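The primary structure of each chain is shown beneath.
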Amino acid sequence: VQLQASGGGLVQAGGSLGLSCGASGRTLSMYDMGWFRQAPGKEREFVAGIDRSGDNVYYTDTDSVKGRFTISRDNAKNTVYLQMNSLKPEDTAVYYCAADRLAWGASHPARYQYWGQGTQVTVSS
């Protein structure tokens, strides 16, 4: 499956962005999905995950995105979303969507087989 992340951009602190992840080749309803991010000089880190049905979601254990980010999906549109509110400069990173048939509950990048190309999110102070 080929993933395509979009929706990144430049936003001021406190603003919002909505990321989308679409797919070609396969229907996303077959996959558990995740969003990750990678800031310059840092490792790729898990942000949020959602199961194939969309009924179950989970977020990073840290408080970094709690209450501000929301993952969702619309299988009819073959798209997964990450709504980001109250953005902070420390949210600046390249954001990636990832897919795997059996990644529910997983937060390590190695658990996901398919990756999108990433979309840049820059939050100015």
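Before reading on, note that the structure itself is shown above.
Source: prediction; values computed, not measured.

Q: I tried to follow the overall build of the protein chain on my own but got confused; where do I start?
A: Helix and strand counts for the protein chain stand at zero helices and eleven strands. What you see in the protein chain, going N to C, is helices and strands ordered as β-β-β-β-β-β-β-β-β-β-β. The C-alpha atoms of the protein chain give a radius of gyration of 13 Å, which matches the 14 Å a tight globule of 125 residues would have. Dimensions of the protein chain, computed from C-alpha atoms along their principal axes, come out at roughly 40 × 25 × 25 Å. Burial analysis of the protein chain (125 residues in total) assigns 40% to the buried set. On the protein chain, roughly 6,200 Å² of surface is accessible, and the fraction owed to carbon and sulfur atoms is 47%. Where the 12 positive side-chain charges of the protein chain centre and where its 11 negative ones centre are 4 Å apart.

Q: Sorry, what's going on with the sheet that holds strand β3 (residues 17–24) here?
A: The pairing of strands in a sheet happens through backbone hydrogen bonds and is either parallel or antiparallel. Pairing in this open sheet of four strands is antiparallel, and the strands run β1-β3-β8-β7 from one edge to the other. The open sheet has two free edges, formed respectively by β1 (2–6) and β7 (69–74), since each of these has just one partner strand. Here the strands of the sheet are splayed against their neighbours by 15° on average, with no regard to which way each runs. Sheet topology note: the β1/β3 ladder contains five bridges and is antiparallel. Counterpart to Ala-5 in the pairing with β3 is Cys-21.

Q: What is the right way to look at the pattern of salt bridges in this model?
A: Where side chains of opposite charge bring their charged atoms close, a pairing between them can arise. In the structure shown here, the tally under the stated rule is four salt bridges. For Arg-52, the salt bridge goes to Asp-32, with nearest N and O atoms at 3.6 Å. Of this pair, Arg-52 sits in the loop between β5 (45–50) and β6 (57–59) while Asp-32 sits in strand β4 (residues 32–38), and the two are 20 residues apart along the sequence. Within the structure, one salt-bridge network assembled from shared partners comprises Arg-37, Glu-45, Arg-68 and Asp-91.

Q: So what exactly am I meant to see when it comes to the environment of Gln-120 here?
A: You can see Gln-120 is positioned in strand β11 (residues 119–124). Classification of Gln-120 by relative accessible area gives partly exposed; the value is 38%. Considered as a pair, Gln-120 and Arg-37 are 83 residues apart in the sequence and their alpha carbons are 9.3 Å apart. Side-chain polar atoms of Gln-120 contact the backbone oxygen of Ala-93, separated by 3.4 Å. For Gln-120, the side chain forms a polar contact with the side chain of Thr-122, separated by 3.3 Å.

Parameters and conventions
Residues numbered from 1 in each chain as written. Predicted model: local features only at pLDDT ≥ 70, side-chain atom pairs only at ≥ 80, totals over all residues. Heavy atoms only, no water. Helix = DSSP H or I, 4+ residues; strand = E, 2+ residues; numbered from the N terminus. Rg over C-alpha atoms; globule rule 2.2 N^0.38 Å. Buried < 20%, exposed > 50% of the residue type's maximum accessible area, 1.4 Å probe, protein only. Areas by Shrake-Rupley, 256 points an atom, 1.4 Å probe, with all protein chains shown as cover. Lys, Arg positive; Asp, Glu negative; His and termini not counted. Charge placed at Lys NZ, Arg CZ, Asp CG, Glu CD. Pairing = 2+ DSSP bridges. Axes fitted to C-alpha atoms, helices over the stretch in contact; angles between N-to-C directions. Salt bridge = Lys/Arg side-chain N within 4 Å of Asp/Glu carboxyl O. Polar contact = N/O pair within 3.5 Å; in protein donor to acceptor, adjacent residues only side chain to side chain.

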